[in-house]
Amino acid sequence: MKLICPLWMLSCVVWVSADVCIPEGCRRYETAGAESTLALETANPYCVPPEKLASAQATCGVNQVMINTPKDERGDGEFGHACVPGREKEFKYSFEQSLVYAVTLRSSYIHIMSGCIPPGSNESECRKTYVSNLKSAASALSKLGMQGLIEPINSYSIPNYYMNCYDKAISVINSVGSQNIGLLLDIYHLQTIQGNLTRSIADYLPYTKHIQISQVPGRHEPNSPGELNYGYVMAVLQLVRYQGWIGLEYHPAKGTEEGLKWVQECCPT
Ligand SMILES: *[C@@H]1O[C@H](CO)[C@@H](O)[C@H](O)[C@H]1NC(C)=O
Ligand SMILES: *[C@@H]1O[C@H](CO)[C@@H](O)[C@H](O)[C@H]1NC(C)=O
């Protein structure tokens, strides 16, 4: 059910946003199923038991590509805790939960959220914790043939988020030193953090396992008004021969179905 955009030889996935639950999650599965060409990534599948999602998935006939690790277990607005010193046990527990979901949904990718630098801690302490947690995650992932992803998120979207910079991400990936931890390159964050898109995409490509797209700054459909020309960006991805999925991580300005029409525009037959 991969959408192979004919000209670009790219695959596309639909983002099921942070707070959707069944029945909304199921409706999204059905919408994607109706397109019969798309797969899904789900930021927060944890509000529904995995078996129930798997059965919705089977009914609608779509593949799951990616899930995120739980971001907010204490309900206090956190964004994961892979970098948080002193919470390694919680990380391990929540990561195991992600593995259960990923296995049940047959999702190859897990986006491992870093969390924020907690008060009283600092960059180097967080880095140590993060790298060590990612190493344990990598070893579990390698046994299952799955990929963990880390994603720089811009500091306007999540102030104080630890993984907020591409050079840091590359350096962390090198320190972890595992084939099972790679980069999630969100073009929205890339533009917001540093711009320089053409060169950056080429530089980061060897680390990039998954890409997400949306317009800047509104985070709506790629063809909505904004800073980025996605006709060009898609051509760059084709030029560098990016082979993976493209996640449509945007807030549809016009509803999911209407919003998907951009695919025809950016991926002409
Ligand atoms: C960071 O925190 C650790 C643990 O509290 C401390 O040992 C270290 O000196 C701090 N490093 C910096 C650069 O402040
Ligand atoms: C743009 O990217 C290139 C290649 O990585 C780098 O050499 C250059 O410094 C970057 N430009 C800016 C303004 O960051």
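Summary of the structure given here. (Residues numbered from 1 in each chain as written. Chains lettered and ligands numbered in written order. Predicted model: local features only at pLDDT ≥ 70, side-chain atom pairs only at ≥ 80, totals over all residues.)

A closer look at the site of ligand 2
Within the structure, ligand 2 sits among Asn196, Arg199, Ser200 and Asp203. Looking at the shell around ligand 2, its residues break down into no nonpolar, two polar and two charged. (Near = placed C-beta within 6 Å. Nonpolar A, V, L, I, M, F, W, Y, C, P; charged D, E, K, R; others polar.)

Looking at the pairing of strand β4 (residues 64-68)
Buried residues dominate β4, accounting for five of its five residues. As paired elements, strand β3 (residues 39-42) and β4 share three bridges and run parallel to each other. Residue pairing for β4: Thr42 is matched across the bridge by Ile67. In the sheet, β4 pairs with strand β5 (residues 109-111) via three bridges, with the strands oriented parallel. The partner of Met66 across the bridge, within β5, is Tyr109. (Buried ≥ 20, exposed ≤ 12 C-beta atoms within 10 Å, placed from the backbone. Helix = DSSP H or I, 4+ residues; strand = E, 2+ residues; numbered from the N terminus. Pairing = 2+ DSSP bridges.)

A word on helix α5 (residues 166-176)
Residue pairs three or four apart in sequence face the same way in an α-helix, which turns once every 3.6 residues. Turning to α5, its buried residues are Tyr166, Ala169, Val172, Ile173 and Val176. One side of α5 holds all its buried residues, which, seen down the axis, span an arc of 120 degrees. Residues of α5 that are exposed and angled more than 90 degrees away from the buried face: Asp167 and Asn174. Buried residues belonging to α5 abut α4 (123-144), β6 (147-150), β7 (181-186), α6 (187-193) and α7 (197-204). One or two steps after α5, the chain reaches Gly177, where phi turns positive at roughly 65 degrees. (Arc of directions from axis to C-beta. Contact = placed C-beta atoms within 7 Å.)

Some words on the nonpolar core
Counting residues in each nonpolar core, the largest one holds 60 residues, and the members touching the most others are Ile112, Ile150, Leu183 and Ile187. For Ile112, the contacting residues outside a window of four places in its chain are Thr69, Gly80, Ala82, Leu134, Ala137, Gly148, Leu149 and Ile150. (Core = buried A, V, L, I, M, F, W, Y, C linked by C-beta atoms within 7 Å.)

Some details on the environment of Gln243
Among the secondary structure elements, Gln243 is positioned in the loop between α8 (230-239) and β9 (245-248). With 12 C-beta atoms counted inside 10 Å, the residue Gln243 sits in the exposed group. As for Gln243 and Thr208, which are separated by 35 residues in sequence, their C-alpha atoms are 9.8 Å apart.

Some words on the packing of helix α3 (residues 88-105) against α4
With their axes 11 Å apart at the nearest point, α3 and α4 run at an angle of 30 degrees to one another. By the criterion of interaxial angle, the relationship of α3 to α4 is roughly parallel. Crossing handedness for the pair α3 and α4: right-handed. Only Thr129, Asn133, Ser136, Ala137, Ala140 and Leu144 of α4 make contact with α3, whose side of the interface consists of Glu88, Phe91, Lys92, Phe95, Leu99 and Val103. In the contact of α3 with α4, the residues fall into seven nonpolar, three polar and two charged. (Axes fitted to C-alpha atoms, helices over the stretch in contact; angles between N-to-C directions. Parallel < 35°, antiparallel > 145°, perpendicular 65-115°, else oblique. Left-handed = near helix turned anticlockwise from the far one by under 90°.)

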